[in-house]
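Reading the structure
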Amino acid sequence: MAARFTAYVVACIVTVTVVAGLLVGAQRDTSGPVDLAIVNGRVYTADGKGTIAEAVAVQGNKVLRVGTTRDIQRLTRRQTRIVDARGGTVLPGFIDGHTHFLGGSLALAQVNLLNAKTLAEIETTIRAWAEANAGRPWVIGRGWYYEPFPGGLPTRQILDAVVPDRPAYLTAYDGHTGWANSAALELAGVTRDTPDPRNGVVVKDRRGEPTGVLKEAAMSLVSRHLPQPTRDEQLAALRAGIAEARRFGVTSVQNASGNAEEFELYDELRRRGELGVRVYAAISAGANVTTADLDRFDALRAKYPDDPAFKTGMVKLVADGVIESHTAAMLAPYANRDEKGDPRFDVESLHRIVAELDRRGWQIMIHAIGDGAIRMALDALERASRSNPAPERGRRHRIEHIETTDPADIPRFGRLGVIASMQPYHGVPTPNQIVVWSGNIGPERASRGWAYNSIRKAGGRLAFGSDWPVVTINPLLGLHVAVHRTAPDGTPEGGWYPDERVPLEAALDAYTRDAAWASFDEHRKGSIEPDMLADLVVLSTDILARPDAIADASVQVTVFDGKIVYER
């Protein structure tokens, strides 16, 4: 009897062991080999449910499983690459909702004035670059701020003193004002007799002589004479731009400008397997766009359809300029100038173009910074939605920048389903960034600056980005401003109009899941869930536990398409 009982127990143990082994084996076998595992992290999945995990398993270019470190370690094998997050936050790859990627890539090899905060620093930076690049026929760069210059604008005499031997041309950080020296003006034929072009201003002094400052469309008077990079130089620049994006954990960009020639560059890198960021590119269009132009746009959309690596499907319109140069379109005159700023479109032209693009099924993005341009854009989008049947995939039209908004228009974003595509680091409250901006529109309108929390609370959907090269492509700095409304050094204490701070989770979503939604990609990226593309970022710090450490955090590892493409 005892022997029979012992045999029974042994049989049970064997059966249980075999079943357990089969279950584990089945788990391993059905899952297949795990190529990459990130463990010991705080994984913000951005799944819309608030799920926080510890680890992620990647198979091929997809997320296989999300769970505890113990769960994921069970799936690893000898060939699995294991990344120890050491308690840092793990996020979906950042999606930059607004870049000018080719321009930013080319700017990496030009004068960079974004870190020059004083006139002396601006002069020193330009002079150093000019001396280091003595063989270049032009001195070209960007990034200067308005605040260091008396009256908010530079002069050709300042640039002449720094670059006396050749043409020099530098664009303001916002991309809407150019600064030329005398040699550049002479080469371009810009004189006291040069008239202002449509939508542009050749700034002149009291004697009627050009100061060297060119606003908006007048910039082209000089910029069209700049040396043009070759195709190979543009491809090399894009490779450098991709490396820069990866360094900051950016795995996808939404390009807010473009044409057929630029698209061919991205497509060539894609064919070569070198397009190391996912690109959703807009086509630029102006007020004079014709039916023939729109037909060409349709052909480009057919040539570059929906694809995880590169696609188009969006048209970019520019409704106004910027507040710093008084070219943003306002509802009331500027605080320090008796003018409102002219929109780039008359009302009927904008309504006609928006309605036709909507009818053809295009996603529309409209640059609108002043409260007048924002209302004009919302009106056009609302009118189009009423006059056209909704496309099969739905409408996800967008307004870009949205720097100061009339209170009556804030709830319209949610009501109309218009995405608020905003760049928090534009509003970093440093003197260089805010003094001229606030002074031009006055405190009442400045208090509504970058009202992303008001738009969010009123039901609007946010998508965050950088506008690179206007500011750095680093999303952590944008996150910091969105969450704290302070500069990275914590000033001003308590935050600049702190009611517009957003919760960290909402800011993260605006750089991930909601930015993916803004490009019709939520089915494949923007969250860390099984079967989503394995675009991932590991931070040095757990910013979920320490939001105060966002600006000091760094990207430790960037994973793109399932492969580690950057390690700090």
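Since this is a predicted model, take the numbers as computed values, not measurements. (Residues numbered from 1 in each chain as written. Predicted model: local features only at pLDDT ≥ 70, side-chain atom pairs only at ≥ 80, totals over all residues. Heavy atoms only, no water.)

Here the focus is the overall build of the protein. Scanning the protein for helices and strands turns up 19 helices and 24 strands. Relative to its length of 568 residues, the protein is compact, with a C-alpha radius of gyration of 26 Å against a globular reference of 24 Å. Taken along the three principal axes of its C-alpha coordinates, the protein extends 120 × 55 × 50 Å. Taking the intrachain contacts of the protein between residues at least 6 apart in sequence as the baseline, contacts between residues at least 24 apart amount to 74%. Counting every atom, the protein has about 23,200 Å² of accessible surface; 52% of that belongs to carbon and sulfur. Of the charged side chains in the protein, 66 are positive and 70 negative; the average position of the first set lies 5 Å away from that of the second. (Helix = DSSP H or I, 4+ residues; strand = E, 2+ residues; numbered from the N terminus. Rg over C-alpha atoms; globule rule 2.2 N^0.38 Å. Contact = heavy atoms within 4.5 Å. Areas by Shrake-Rupley, 256 points an atom, 1.4 Å probe, with all protein chains shown as cover. Lys, Arg positive; Asp, Glu negative; His and termini not counted. Charge placed at Lys NZ, Arg CZ, Asp CG, Glu CD.)

Applying the stated criterion to the full structure yields 19 aromatic pairs. With a centroid separation of 6.0 Å and an interplanar angle of 80 degrees, the aromatic rings of Phe94 and Tyr511 are classed as edge-to-face. Placement of the pair is Phe94 in strand β8 (residues 94-99) and Tyr511 in the loop between α18 (504-510) and α19 (513-517), with a sequence separation of 417 residues. Across the pair, Tyr511 and Phe94 agree in class, each one buried. Taking the centre distance of 5.2 Å and the plane angle of 65 degrees together, the rings of Trp144 and Tyr146 count as edge-to-face. By relative accessible area, Trp144 is classed as buried at 0%. An aromatic cluster is present here, built from Trp144, Tyr145, Tyr146, Phe149, Tyr173 and Trp179 joined pairwise through their rings. (Phe/Tyr/Trp six-rings, centres within 6.5 Å; stacked < 30°, edge-to-face > 60°. Buried < 20%, exposed > 50% of the residue type's maximum accessible area, 1.4 Å probe, protein only.)

Within the structure shown, the criterion is met by 42 salt bridges. The salt bridge partner of Arg166 is Asp165, with a shortest N-O separation of 3.3 Å. A single network of salt bridges, built from pairs that share partners, joins Arg375, Asp379, Glu382, Arg386, Asp406, Asp409 and Arg412. (Salt bridge = Lys/Arg side-chain N within 4 Å of Asp/Glu carboxyl O.)

The next point concerns the pairing of strand β11 (residues 168-172). Within β11, five of the five residues are buried, which leaves it mostly tucked inside the rest of the structure. Direction of pairing for strand β10 (residues 139-144) relative to β11: parallel, over a ladder of five bridges. Across the sheet, the residue bridging to Arg142 is Thr171, located in β11. Running through helix α5 (residues 156-162), the crossover from β10 to the neighbouring parallel element β11 is right-handed. Between β11 and strand β12 (residues 177-180), which follow one another and run antiparallel, lie four residues, and Gly175 among them has a positive phi close to 80 degrees. (Pairing = 2+ DSSP bridges. Right-handed = clockwise from strand over helix to strand, strands pointing away.)

Bringing the layout of surface pockets into the picture now. Of the pockets and cavities examined, the second largest pocket occupies roughly 540 Å³. Lining the second largest pocket we find 27 residues, and of these Asn112, Leu114, Asn115, Val471 and Thr472 sit closest to its centre. Looking at the lining of the second largest pocket, the elements that each hand over two or more residues are α3 (101-107), β9 (111-112), α8 (231-247) and α14 (431-441). (1 Å grid on protein atoms, 1.4 Å probe; cavity = no way out; pocket = protein on both sides within 12 Å on 5 of 7 lines; lining within 4 Å. Points joined across faces, edges and corners; volume = space filled by probe spheres on them.)

Glancing now at the sheet that holds strand β5 (residues 62-67). Taken together, four strands build an open sheet; the order of strands is β5-β4-β1-β6 and the sheet is mixed. The sheet is open, and its two borders are formed by β5 and β6 (81-84), each paired with just one other strand. Within this sheet the neighbouring strands show an average axis-to-axis angle of 15 degrees, counted without direction. Alignment of strand β4 (residues 55-59) against β5, held across five bridges, turns out to be antiparallel. Its bridge partner lying in β5, Gln59 is registered against Lys62. (Axes fitted to C-alpha atoms, helices over the stretch in contact; angles between N-to-C directions.)

Turning our attention to the sheet that holds β10. Paired through backbone hydrogen bonds, the strands of a sheet run either parallel or antiparallel to each other. A sheet is described by the order of its strands in space; here six strands give the open sequence β9-β10-β11-β12-β14-β13, paired in mixed fashion. One side of each edge strand has no neighbouring strand; the edge strands of this open sheet are β9 and β13 (200-204).

Right, let's talk about the environment of Ile38 for a bit. Relative to the assigned elements, Ile38 resides in strand β1 (residues 36-39). When the C-alpha positions of Ile38 and Ala85 are compared, they lie 6.5 Å apart, and in sequence the two are 47 residues distant.

This brings us to the packing of α8 against helix α9 (residues 260-271). Close contact between α8 and α9 brings their axes to 10 Å; oriented N to C, the two are set at 65 degrees. The orientation of α8 with respect to α9, classified from their angle, is roughly perpendicular. As for the relative orientation of α8 and α9, their crossing is right-handed in sense. Touching Arg231, Gln234, Leu235, Leu238, Arg239 and Ile242 of α8 are Glu264, Leu265, Tyr266, Glu268 and Leu269, all from α9. (Parallel < 35°, antiparallel > 145°, perpendicular 65-115°, else oblique. Left-handed = near helix turned anticlockwise from the far one by under 90°.)

The next subject is the confidence of the model for the protein. Here the protein shows a mean pLDDT of 93. Residues at 70 or above account for 95%. Note that residues 1-30 has pLDDT below 50 and, in this model, nine contacts with residues that lie over four places away or in other chains. (pLDDT = per-residue confidence, 0-100.)

A word on unusual backbone geometry. With an omega of 15 degrees, the peptide bond between Trp468 and Pro469 qualifies as cis. Relative to the helices and strands, Pro469 is located in the loop between β21 (462-464) and α17 (475-484). Here Thr491 and Pro492 are connected by a cis peptide whose omega angle stands at -5 degrees. Inspection of the secondary structure assignment puts Pro492 in the loop between α17 and α18. A positive phi is found at Asn199, a non-glycine position, where the angle reads about 65 degrees. Residue classification places Asn199 among the partly exposed residues on the basis of a relative accessible area of 28%.

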